[in-house]
Each structure stands twice: as C-alpha cells, then as structure tokens.
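As a plain string of letters, each chain reads:
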Amino acid sequence: MQTIANWSASDKFFWILWGIDLAVMLWWFFSDMKHTHLPMNPAVLLGLGWIAVALILRLMGYSLAGFILAGILAAPIVLMGLFLLLIFVVNQFFGPIRWN
C-alpha cells in the first residue's frame, strides 16, 4: 500500500493513467457514434463518468482515490497493450504464431 501511496503523490503517474483511460473512452464513444441505427453502449457513458469522477477527486485533493479510480480502468488496458507488444515482437523475430 505504501508504494501506491507514493505513486499517487506523483502527478505523472495519474496523468498517464488518466490519459490512457480518456483516449480509450473517447475512441469507444466515437466508434459507437458511427452506428446510427444502434443504441449506444451504456458502458461508454459510465466509463466517461468514472474518469470524470477520478479527475474531480484528484483536483479536490483526494489524490489516492483519484489515482486508484484511474488505475482500475487503465491497468487492464496497459496489460492488453503489453500482450499485443509481446505478440508483435514474437511475430517479428520468430515468425507467425500458430494459435491452434
């Protein structure tokens, strides 16, 4: 817990996580707006509200709560990105992966 408290004291980690969250949510929002005959996924609006609450908490001085809220959404996204990077590296140096 001490490590998370030290990271949350730094603005750099919060803004990196929050930027990742915002980029994914905006991409998802604009992707859903292209479908004119389908309703929007409510998870998009909930995600945008979630990162808005994280930003509000951070600006109000509750840096640990804002950091945790931003990290909850960004951690799986970062892990997926690292997995895709690993697949790209393996594909470049060792050839295509056979998934069957």
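This section reports on the structure supplied with the text. (Residues numbered from 1 in each chain as written. Predicted model: local features only at pLDDT ≥ 70, side-chain atom pairs only at ≥ 80, totals over all residues. Heavy atoms only, no water.)

Across soluble globular proteins, nonpolar side chains have a tendency to be buried as a group. In terms of nonpolar packing, the biggest core is built from ten residues, these being Phe14, Leu17, Trp18, Met25, Ile51, Ala54, Phe67, Leu69, Ala70 and Ala74. Secondary structure elements with two or more residues in this core: helix H2 (11-33), helix H3 (42-60) and helix H4 (63-94). For Met25, the residues in contact, after removing those within four places along its chain, are Val44, Gly47, Leu48 and Ile51. (Core = buried A, V, L, I, M, F, W, Y, C linked by side-chain atoms within 4.5 Å. Buried < 20%, exposed > 50% of the residue type's maximum accessible area, 1.4 Å probe, protein only. Helix = DSSP H or I, 4+ residues; strand = E, 2+ residues; numbered from the N terminus. Contact = heavy atoms within 4.5 Å.)

Let us now look at the packing of aromatic side chains. Evaluated as defined, the whole model comprises three aromatic pairs. Judged by centre distance (5.0 Å) and plane angle (75°), the rings of Phe14 and Trp15 are edge-to-face. Overall, the relative accessible area of 0% leaves Phe14 in the buried class. Measuring from ring centre to ring centre gives 5.3 Å for Phe29 and Phe30, while their planes differ by 70°; the resulting arrangement is edge-to-face. Judged by its relative accessible area of 21%, Phe29 falls in the partly exposed class. Among the aromatic residues, those joined into a cluster by ring pairs are Phe14, Trp15 and Trp18. The cationic tip of Lys12 hangs over the ring face of Phe13; the distance from NZ or CZ to the ring centre is 5.7 Å. (Phe/Tyr/Trp six-rings, centres within 6.5 Å; stacked < 30°, edge-to-face > 60°. Lys NZ or Arg CZ within 6 Å of the ring centre and 35° of its normal.)

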